[in-house]
Amino acid sequence: MSKELSHIDEEGNASMVDVSNKKSSVRNAIASGKVIFPVGVFEKLAEQDFLGHKGSIIQTAIIAGIQAVKKTSELIPLCHQINLSKINIDIIPVKNALQVTCHVKCNEQTGVEMEALTGVSVAALTIYDMCKALSHDIKISEIQLEQKTGGKNDFNR
């Protein structure tokens, strides 16, 4: 099977994919990532129920992630503007980290992988921003697509 870059035209220039002949279908994408803290910082945050001087770290990151999903086509140059049906961001504490998961759904001619990845990324950056006063040794890692359905090719990690 030969694969080619879809956003590069015959002359090697950046080009938005033409989706005008594609049928609309329900499309889902789930992305995830982690914000990893030094042990002492995580323990302090957990003791405070992840509330900081700027408010709820988790709720603020969820709202930021949702806003980012809706603005993905403004941030990623070759992404299409699409009507979104559902955005869900979950942030849960795991060992010395916050696990961020973003599920995006639409009924469109193109998928929502970039939207899900953008939601995770901005939620993680928001967590970093709200916690950086405690330590700059906070790591954002493992941002990846977990699943996509709808369209030509489904994917499941």
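Data block above holds the structure.
Note that the structure is a prediction, hence the values are computed from the model and not measured.

Reading guide: rules and limits
- Residues numbered from 1 in each chain as written.
- Predicted model: local features only at pLDDT ≥ 70, side-chain atom pairs only at ≥ 80, totals over all residues.
- Heavy atoms only, no water.
- Helix = DSSP H or I, 4+ residues; strand = E, 2+ residues; numbered from the N terminus.
- Buried < 20%, exposed > 50% of the residue type's maximum accessible area, 1.4 Å probe, protein only.
- Contact = heavy atoms within 4.5 Å.
- Pairing = 2+ DSSP bridges.
- Core = buried A, V, L, I, M, F, W, Y, C linked by side-chain atoms within 4.5 Å.

**Looking at the side chain of Asn-96**
Note on placement: Asn-96 falls in the loop between strand 4 (84–94) and strand 5 (97–108). By relative accessible area, which is 18% here, Asn-96 ends up buried. Among residues more than four places away in sequence, those in contact with Asn-96 are Val-35, Ile-36, Phe-37, Val-39 and Phe-42.

**A few points about the sheet that holds strand 6 (residues 139–149)**
Sheet strands line up and pair through hydrogen bonds in the backbone, either parallel or antiparallel. Taken in spatial order, the five strands line up as 4-5-1-6-7 in an open sheet, and their pairing is antiparallel. A strand with exactly one partner marks an edge of an open sheet, and here the two such strands are strand 4 and strand 7 (155–156). Alignment of strand 1 (residues 25–36) against strand 5, held across 12 bridges, turns out to be antiparallel. Residue pairing across strands places Ala-29 opposite Val-104, the latter belonging to strand 5.

**Digging into the nonpolar core**
Generally speaking, nonpolar side chains in soluble globular proteins are found buried as a group. Core analysis: the largest hydrophobic core is formed by 33 residues, its most contacted members being Phe-37, Ile-91 and Ile-127. Elements with a minimum of two residues in this core: strand 1, helix 1 (39–47), helix 2 (57–70), strand 4, strand 5 and helix 4 (113–131). Other than its neighbours up to four places away in sequence, Phe-37 contacts Phe-42, Leu-45, Asn-96, Ala-97, Leu-98, Ile-127, Cys-131 and Ile-138.

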